[in-house]
Amino acid sequence: MNIIGTDVQKAAAILRSGGIVAIPTETVYGLAANAFDAAAVARIFEVKNRPTFDPLIVHIASADTLASVVRSVPDWAQVLSEHFWPGPLTVVLPKRQIIPDIVTAGLDTVGVRVPNHALTLELLEQLPFPLAAPSANPFGYISPTSAQHVADQLADTVDYILDGGECRVGVESTIVGELEGRSSVFRLGGVALEQLEPYLGTLDVRPGSDSLPVGPGMLASHYAPHKSVVIAAPPTNCDSRTGYLGFSATSPYLPPENQRILSEKADLREAARAVFAALRELDQLDVDVIYAELVPERGLGRAINDRLRRASADRVAESS
């Protein structure tokens, strides 16, 4: 039986029975379970080998249902939901008791968003509960942007993969919460800072942490291939066991088959859609190290660079 398909009714039945389903969104594919069912959510952590101190994002069908999962909606969150939902934006707000602690890693807040994907919105409309859904990949590895990416790694452990094609945005949602009385960005993502600032003013961007994050998406080391990633141009004396991820141009020091380019047109939206797939392809080559070029630090470029820096973890070259 093919585990990949487009049957929304089948996906809904599996989720109602406590199963887990990989779902498409505009950002990346998520691994979803009933957000009100602690046992079903626990299976997500088991399948991903995800630490339980890392909270999950809850996906809802529309802004109208936000009050069913959070205790209050401050003005800043109301404004953002009106302008950016459905879309790649998550807001972190005080949770209602109906959200199990396993979803929020024991925190009193929960990250919530409305995904902008027709299949998943149709699925959510059919369910009497929201979906808790981190990215559908082994914990810490490159996020999946196609159904096949999910199948390549989790086909034996998920109940169904709802195939919605390739993700349009390609990097995870921007996460906004409130710390010390002001709005802060917990994770850079598919909504750029320049889009948020007209509504929120100048924003703090909170650094990642390797323990006890205050919201989803804040771990410092994440989105990493199995091969070492170094943020730098490849050296002139590199050998054939070196890979390169460039923004818009190749390196003259490496064979073409060892290189991937995010956007020949230097288009940041195209680059965001391509970054995780390109890292996966390079990770599958017979190379020992992947050099990666940062992109312009503006718009979606900030989110792309955030993912590249986390993929490299403590291997970021001093020259960067």
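Structure first, text after, so check above.
Definitions and limits used
Residues numbered from 1 in each chain as written. Predicted model: local features only at pLDDT ≥ 70, side-chain atom pairs only at ≥ 80, totals over all residues. Heavy atoms only, no water. Helix = DSSP H or I, 4+ residues; strand = E, 2+ residues; numbered from the N terminus. Buried < 20%, exposed > 50% of the residue type's maximum accessible area, 1.4 Å probe, protein only. Contact = heavy atoms within 4.5 Å. Phe/Tyr/Trp six-rings, centres within 6.5 Å; stacked < 30°, edge-to-face > 60°. Arc of directions from axis to C-beta. Pairing = 2+ DSSP bridges.

Q: Even after reading the chapter, I still don't get the environment of Ala-155, so can you show me in this structure?
A: Along the polypeptide, Ala-155 turns up in the loop between α6 (147-154) and β8 (160-162). Among the residues examined, Ala-155 registers a relative accessible area of 24% and is labelled partly exposed. On a C-alpha basis, the gap between Ala-155 and Asn-2 in space is 9.8 Å, while along the polypeptide they are 153 residues apart. Residue contacts for Ala-155: discarding those within four places in its chain leaves Ile-3 and Val-150.

Q: Where do I start with the packing of aromatic side chains in this structure?
A: Ring pairs (aromatic) are described by centroid distance and by the angle formed between their planes. For the structure on display, the rule yields one aromatic pair. Pairing Phe-84 with Tyr-199 gives two aromatic rings, centres 5.7 Å apart and planes at 90°, and the pair type is edge-to-face. Taken together, the residues span a long stretch of sequence, with Phe-84 in helix α3 (residues 75-84) and Tyr-199 in helix α7 (residues 193-200) at a distance of 115 residues. The exposure class assigned to Tyr-199 is partly exposed, which follows from its relative accessible area of 37%.

Q: Would you take a moment to explain α3 for this structure?
A: Note on helix geometry: an α-helix contains 3.6 residues per turn, so any two residues three or four positions apart are oriented the same way. Taken together, the buried positions of α3 are Trp-76, Ala-77, Leu-80, Ser-81 and Phe-84. Viewed along the axis of α3, the buried residues span an arc of 130°, placing them on a single side of the element. When the buried face of α3 is taken as reference, the exposed residues oriented beyond 90 degrees from it are Asp-75 and Glu-82.

Q: Looking at this model, I keep getting lost on the pairing of strand β9 (residues 174-179). Mind explaining?
A: A regular strand carries its side chains on alternate faces of the sheet. Sheet topology places strand β5 (residues 89-94) next to β9; three bridges connect them, and they run parallel. What sits directly across from Leu-89, in β9, is Thr-174. Examined bridge by bridge, β9 and strand β10 (residues 182-187) share five bridges and lie antiparallel to one another. Among the inter-strand pairings, Glu-178 is bridged to a residue of β10, identified as Ser-183. With antiparallel pairing between neighbouring strands as the criterion, β9 and β10 make up a hairpin whose turn holds two residues, including Glu-180 at a positive phi of roughly 55°.

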